[in-house]
Amino acid sequence: MTLREVLQDAARKGYAVGAFNANNLEYVQGIVDAAEAEAAPVIVQASPGAIAYMGLAYIAAVGQVAARANVPVVIHLDHGLDIAVVERCLREGFTSVMYDGSALGFEENVAVTARVVALARSAGASAEGELGRVPAADREWTAAELERLMTDPEQAAEFVARTGVDALAVAVGSVHRMRRQAQQIDVERVSRLRRATGVPLVLHGSSGVTDDSLVAAVKAGVAKVNIATALNLAFTGALSQAVRSHPDEIDPRKLLGPAREAVARAAAAKMRLLGCSGRAGGRAGGVAG
Ligand code: G3H
Ligand code: ZN
């Protein structure tokens, strides 16, 4: 499935699809297990760092297997920073790519993103762009600082019209890589961005956003919610626990199995919160959308 197909249904019906970052086979399995258990459409995404770690051919092959699940699965490049990586992902069968030009000036971001959209279209895939800046939790950010980085609705409308992106990542108060849920989203800005652009919006840095604020952001127009850190906490927490409880265990399956289950539990909890559970339609045994 492409991003466009999955997000159109979400935007129309007012729920969001979870986009989960995978770092190894166990993550992909845990994420897809959760989607099947929840009868939810799902986006499995790989960052350039994860691609460098796993190897593009491996992650693409695992993605092809994941796509045979009985729920809609999108295989997506997260935070693509150069065209060569985008092209390689499209050649390997990714159904969606993100180009993150948020560090560029507006005109250059428009120009490169428009090229990425054209490449995605010719491969039958979808494209996500980004405008505004979602910073990383390498330090504390004041509310005033975050506000200065936020996406301007008028500029966003121009960006979408000139690039043709299928979905737009926006800066609305979230911060990447937060280990606890403390951020509030500027929900009013989400509504204005949704009205101004007409495309489904993407929230990055969602692990650090409070549950209430996530739900409100979805209501206001966010249709794709990116989650990485919450899964990393679940995976490494369960793995460390397994190693501590069984210090003599050398069978990696006994240690990685609980970590995979922890990923599945964490992903399933987010799916329920985002309202995508039970939205897989006919592909998951007739669960109504
Ligand atoms: O692109 C990935 C996300 O924005 C994940 O952010 O690690 O804060 O959940 P997070
Ligand atoms: Zn992100």
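A brief structural summary. Predicted model only: the values in this text are computed from it and were never measured. (Residues numbered from 1 in each chain as written. Chains lettered and ligands numbered in written order. Predicted model: local features only at pLDDT ≥ 70, side-chain atom pairs only at ≥ 80, totals over all residues. Heavy atoms only, no water.)

So, about the side chain of glutamate 38. When you line up the elements, glutamate 38 lands in helix α2 (residues 25-38). Glutamate 38 gets classed as buried once you look at its relative accessible area, which sits at 15%. Those residues within four positions of glutamate 38 in sequence are excluded, and the remaining contacts are Ala268, Met271, Arg272, Ser277 and Gly278. (Helix = DSSP H or I, 4+ residues; strand = E, 2+ residues; numbered from the N terminus. Buried < 20%, exposed > 50% of the residue type's maximum accessible area, 1.4 Å probe, protein only. Contact = heavy atoms within 4.5 Å.)

Considering all chains together, one arrives at 13 salt bridges under this definition. Residue glutamate 188 is joined to arginine 192 by a salt bridge in which the shortest nitrogen-to-oxygen separation is 3.4 Å. Of the two residues, glutamate 188 and arginine 192 are both situated in helix α9 (residues 187-197); the distance of four residues between them amounts to about one turn of the helix. Owing to a relative accessible area of 32%, arginine 192 belongs among the partly exposed residues under this scheme. What you see here is one network of salt bridges that share partners, running through Arg4, Arg121 and Asp166. (Salt bridge = Lys/Arg side-chain N within 4 Å of Asp/Glu carboxyl O.)

In the neighbourhood of ligand 1, 13 residues make up the surrounding shell, with Asp78, Arg177, Gly205, Ser207 and Thr229 lying closest. Between an oxygen atom of ligand 1 and a main-chain N or O atom of arginine 177, the distance comes to 2.8 Å. One of the backbone N or O atoms of glycine 205 is found 2.8 Å from an oxygen atom in ligand 1. Against a free-state accessible area of 310 Å², the protein chains account for coverage of 97% of ligand 1. Breaking the shell around ligand 1 down by element, the ones donating at least two residues are β3 (73-80) and β8 (222-227). Among the residues forming the shell around ligand 1, the class breakdown is two nonpolar, nine polar and two charged. (Near = heavy atom within 4 Å. Polar contact = N/O pair within 3.5 Å; in protein donor to acceptor, adjacent residues only side chain to side chain. Areas by Shrake-Rupley, 256 points an atom, 1.4 Å probe, with all protein chains shown as cover. Nonpolar A, V, L, I, M, F, W, Y, C, P; charged D, E, K, R; others polar.)

Below, the discussion takes up the environment of proline 41. Mapped onto the elements of the fold, proline 41 is located in the loop between α2 and β2 (42-46). The exposure class of proline 41 is buried, given its relative accessible area of 3%.

A few words now on the coordination of the zinc ion (ligand 2). At the metal site, the zinc ion (ligand 2) is ligated by His79 (NE2), His176 (NE2) and His204 (ND1), and these contacts range over 2.1 Å. Sequence positions of the donors to the zinc ion (ligand 2) reduce to the motif H-x96-H-x27-H. In this pair, histidine 79 sits in strand β3 while histidine 204 sits in the loop between β7 (201-203) and α10 (211-220), placing the two residues 125 residues apart along the sequence. A residue is classified by how much of its surface remains accessible, and histidine 204, at 1% relative accessible area, is buried. (Donors = N, O, S within 2.8 Å, 3.2 Å for Na, K, Ca; no water.)

Interaxial distance between α2 and helix α4 (residues 56-66) falls to 11 Å at its minimum, and their mutual angle equals 20°. By the angle between their directions, the pair α2 and α4 is classed as roughly parallel. Considering the relative orientation of α2 and α4, their crossing is right-handed. Between α2 and α4, the residues in contact are Leu25, Val28 and Val32 and Ile59, Val62 and Ala66, respectively. For the contact of α2 with α4, a count of residues per class yields six nonpolar, no polar and no charged. (Axes fitted to C-alpha atoms, helices over the stretch in contact; angles between N-to-C directions. Parallel < 35°, antiparallel > 145°, perpendicular 65-115°, else oblique. Left-handed = near helix turned anticlockwise from the far one by under 90°.)

Among the five residues of strand β1 (residues 17-21), five are classified as buried, and the element is accordingly described as predominantly covered. Residues Val17, Ala19 and Asn21 line one face of β1 and the alternating positions Gly18 and Phe20 line the opposite face, and both faces are buried. Of the strand pairs in this sheet, β1 and β2 are connected by three bridges, and their pairing is parallel. Residue pairing in the sheet places phenylalanine 20 in a bridge with valine 44 of β2. Regarding the hand of the β-α-β motif, the stretch spanning β1, α2 and β2 is right-handed. (Pairing = 2+ DSSP bridges. Right-handed = clockwise from strand over helix to strand, strands pointing away.)

Function-wise, these values are silent; they only describe arrangement.
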